[in-house]
Amino acid sequence: MLVFATLLGKLTPMNVAWVLGYNLAALRTVRTNKPFVSERSAIYEPYYVSPWVNSRTRRGLEWTIAAIAFLALLPAMILCGLLVRISSPGPVLFRQSRMGRNGKEFIFYKFRSMSAEVSSNISSHTVQGDRRVTLVGSFLRRYKLDELPQFWNVLKGDMSLVGPRPKLPEHEALQMPFRPGITGEATLVFRNEEEMLTHVPPHHVDEFYEKFFKPLKAELDIAYMSKATLRSDLRL
């Protein structure tokens, strides 16, 4: 599974994920007449965590970098906020409860990139070309500018610079004895996730994510956090 996930990131992930993932699930549906839904959500617990991950040195270094970045990027964040404000009705910041360290939830911040009025019947995962994403939001997402407010989450101690991406409590597959991060191993491997999900019919997106992407991401993050060092963090 870990090798497959690595291939997803290093090669062309869209067709690989679609052919080996969705079509296998569809074939299983035809043969067994079982609906295409994910089984009971598994919780993955790391068997070992690198001492570096929760060290005071790492936390101090991250706080310093986050503080410098927050101050240096403040003009850009103000501009992003103004663009979000004038481009569509709704709040500038998107706030949501996400799963953090040791099962503790926290408020996660990013610039709002989608329409404020989102139907509850639509998939919770976005795909490339998603109509819910605003014009300004599409620009912010393309250059990851919508993630800038998360430096505040790092300063508050909710997040790290490097670690598993924080997810909704119902989508979190990891029992995390460490802080989630702005970027991480699985984040980079699945950097084309939205494009990959365009190959899945809209009514199957959530099920496909739960059944295939979720465990792959969990395994990648567990593997990284078990051997994380200062050098590997700087590499990411």
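Numbers given for residues are sequential positions, taken from 1 along each chain in its written order. Restriction of local features to residues with pLDDT of at least 70 applies here, the model being predicted, together with a cutoff of 80 or more for giving and counting side-chain atom pairs; totals for whole chains, interfaces and linings are based on all residues. As a rule here, side-chain values come from all non-hydrogen atoms in the structure, and water together with hydrogens is ignored.

**Overview of the pairing of strand 1 (residues 93-99)**
Examined bridge by bridge, strand 1 and strand 2 (residues 105-111) share seven bridges and lie antiparallel to one another. Note that in strand 2 the partner of Arg98 across the bridge is Phe106. The criterion for strand pairing is that DSSP finds at least two bridges linking the strands in question. The helix count covers DSSP runs of H or I at least four residues long, the strand count covers runs of E at least two residues long, and both are numbered beginning at the N terminus. Where strand 1 folds back onto strand 2 in an antiparallel hairpin, the turn is made up of five residues, including Asn102, whose phi is positive at roughly 55°.

**Overview of the environment of Val49**
Topologically, Val49 is positioned in the loop between helix 2 (13-32) and helix 3 (56-72). Taking the C-alpha atoms as reference points, Val49 and Ile222, separated by 173 residues in sequence, lie 8.1 Å from one another. Should any heavy atoms of two residues lie within 4.5 Å, those residues are considered in contact. Those residues in contact with Val49 that lie beyond four places of it in its chain are Asn54, Pro177, Phe178, Met225 and Ser226.

**Brief notes about the packing of aromatic side chains**
Each aromatic pair joins two rings of Phe, Tyr and Trp (for Trp, the six-membered one) with centres within 6.5 Å, and gets the label stacked for planes under 30 degrees apart, edge-to-face for over 60, and tilted for any other angle. Under the criterion given, the structure shown has six aromatic pairs. Between Phe208 and Phe212 the ring centres are 5.0 Å apart and the planes differ by 40°, which places this aromatic pair in the tilted class. Of this pair, Phe208 and Phe212 both sit in helix 9 (residues 205-225), separated by four residues, roughly a single helical turn. With centroids separated by 5.2 Å and ring planes inclined at 70°, the aromatic side chains of Phe208 and Phe213 adopt a geometry described as edge-to-face. Across this residue pair, the class does not change: Phe208 and Phe213 are buried. Classification of residues uses two cut-offs on accessible area relative to the type maximum, computed with a 1.4 Å probe and protein chains only: under 20% is buried, over 50% is exposed, and between them is partly exposed.

**Here we look at the confidence of the model for the protein chain**
Looking at the protein chain, the pLDDT average stands at 83 and 79% of residues meet or exceed 70. The predictor attaches a confidence to each residue, called pLDDT, with possible values from 0 through 100. For residues 1-20, every residue scores under 50 in pLDDT, and the model assigns this stretch 39 contacts once sequence neighbours within four places are set aside. Under a pLDDT of 50 for its full length, residues 22-40 has, in the predicted model, 28 contacts with residues more than four places off or in other chains.

**Quick notes on a nonpolar patch on the surface**
Taken together, the side chains of Leu61, Ile65, Leu230 and Leu234 make up a nonpolar region of the molecular surface, amounting to roughly 350 Å² of accessible area. Those elements giving two or more residues to the nonpolar patch turn out to be helix 3 and helix 10 (230-235). Leu61 sits in the partly exposed class, given a relative accessible area of 35%. The residues that make up patches have over 30% relative accessible area and no salt bridge, and they are joined within 9 Å when like-charged or within 5 Å when they are Val, Leu, Ile, Met, Phe, Trp or Tyr. In this description, accessible areas are obtained by the Shrake-Rupley approach with a 1.4 Å probe, and a residue is regarded as covered only by the protein chains that are shown. Any carboxyl oxygen of Asp or Glu that lies within 4 Å of a side-chain nitrogen of Lys or Arg is treated as forming a salt bridge with it.

**Let's talk about empty space enclosed by the protein**
The way it works is a 1 Å grid over only the protein atoms, where trapped points that fit a 1.4 Å probe form a cavity and open points with protein on both sides within 12 Å along at least five of seven lines form a pocket, and then any residue with an atom within 4 Å of a point lines it. Grid points are joined across faces, edges and corners, and a volume is the space filled by probe spheres set on the points. Taken as a whole, this structure holds two cavities of 30 Å³ or more when the rule is applied. In this model, the largest cavity occupies a volume close to 40 Å³. In this structure, the largest cavity is lined by Lys167, His171, Glu172, Ala173, Leu174, Lys214, Lys217, Ala218 and Asp221. Charged means Asp, Glu, Lys or Arg here, nonpolar means Ala, Val, Leu, Ile, Met, Phe, Trp, Tyr, Cys or Pro, and polar covers whatever is left, Gly included. When the residues that make up the lining of the largest cavity are grouped by side-chain class, the tally is three nonpolar, one polar and five charged.

**A short note on the pattern of salt bridges**
This structure, assessed with the given rule, holds 11 salt bridges. The salt bridge partner of Arg58 is Asp233, with a shortest N-O separation of 2.9 Å. Residue Arg58 is found in helix 3, and its partner Asp233 is found in helix 10; the two are separated by 175 residues along the sequence. The shortest N-O distance in the salt bridge between Glu147 and Arg165 comes to 3.0 Å. A residue pair is termed long-range when its members are at least 10 positions apart, and Glu147 in the loop between helix 5 (135-142) and helix 6 (150-156) and Arg165 in the loop between strand 3 (160-162) and strand 4 (181-183) qualify at 18 residues.

**Describing helix 5**
Along an α-helix, a turn takes 3.6 residues, which lines up residues three or four apart on a common side. Those residues of helix 5 that fall on the buried side of the exposure criterion are Val136, Gly137, Leu140 and Arg141. Angular distribution of buried residues about the axis of helix 5 spans 135°; they occupy a single face of the element. Across from the buried face of helix 5, at angles greater than 90 degrees, the exposed residues are Leu135 and Arg142. Along its buried surface, helix 5 packs onto helix 4 (74-87), strand 2 and helix 8 (193-197). Here a polar contact means two N or O atoms within 3.5 Å. Within protein one must be a hydrogen donor candidate and the other an acceptor candidate, and residues neighboring in sequence count only if both atoms are side-chain atoms. Near the N-terminus of helix 5, the side chain that reaches the backbone nitrogen of Gly137, with its oxygen 2.9 Å away, is that of Thr134. Looking one or two residues beyond helix 5, the residue adopting positive phi is Lys144, at roughly 60°. This arc is taken over the directions from the axis of the helix to the C-beta atoms.

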